[in-house]
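Inside the fold
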Amino acid sequence: MKLRIHHIGYAVSSIEKSIQKFEVLGYKAIGEVVDDVSRKVRIVFLENSGVHVELIEPTSNDSPVKSLIEKNGPGTYHICYETKGLEETANKLSKQGFKPITSISAAPAIDDRRVLFMYSRECGLIELLEVG
């Protein structure tokens, strides 16, 4: 099982305001804002020196990201790892105590590549992203 960091996800209240702050840090948007209707969020990716961040803004009051921001404030939400065999990696991580919290689904902001979110008390939330 080989995992490579793809991006760090940030839960934010306003994508537009957050883009401005990340630009001060040297980041540039690398695409348009995408509505992810099934996850009830808007997403945009930024890049600085090969490091990618994903800004995630809730679009409704029942978005899980909305409740996270209300509880903890904006900030780091997850780390996304690329993997070649999504199911195989998920099975191996499950044996190590990671729990899937979503089903495998397409990610509109990442060319509809398949993703799975998993959680571990020791590591927090991770996203697995299938390499094409």
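Provided above is the structure to which this section pertains.
Described below are features of the structure shown in this document. Here the structure is a predicted model, which is why all the values come from computation and not from measurement. (Residues numbered from 1 in each chain as written. Predicted model: local features only at pLDDT ≥ 70, side-chain atom pairs only at ≥ 80, totals over all residues. Heavy atoms only, no water.)

On to the nonpolar core. Of all hydrophobic cores here, the largest spans 13 residues; its most connected members are Val 41, Ile 43, Phe 45, Ile 56, Val 65, Ile 110 and Leu 129. A per-element tally of this core places strand β4 (residues 41-48) first, with 3 residues. Discounting chain neighbours no more than four positions away, the residues touching Ile 43 are Ile 15, Glu 32, Val 33, Val 34, Asp 36, Glu 54, Leu 55, Ile 56 and Ala 109. Of all hydrophobic cores here, the second largest spans 9 residues; its members include Phe 22, Val 44, Leu 46 and Val 53. (Core = buried A, V, L, I, M, F, W, Y, C linked by side-chain atoms within 4.5 Å. Buried < 20%, exposed > 50% of the residue type's maximum accessible area, 1.4 Å probe, protein only. Helix = DSSP H or I, 4+ residues; strand = E, 2+ residues; numbered from the N terminus. Contact = heavy atoms within 4.5 Å.)

Summed over the entire model, instances satisfying the criterion amount to 2 aromatic pairs. Geometrically, the ring pair formed by Tyr 10 and Phe 22 is edge-to-face, given 5.2 Å between the ring centres and 70° between the ring planes. With Tyr 10 in strand β1 (residues 4-11) and Phe 22 in helix α1 (residues 15-24), this pair connects stretches of sequence that are 12 residues apart. In this structure Tyr 10 comes out as partly exposed when scored by relative accessible area, which is 22%. (Phe/Tyr/Trp six-rings, centres within 6.5 Å; stacked < 30°, edge-to-face > 60°.)

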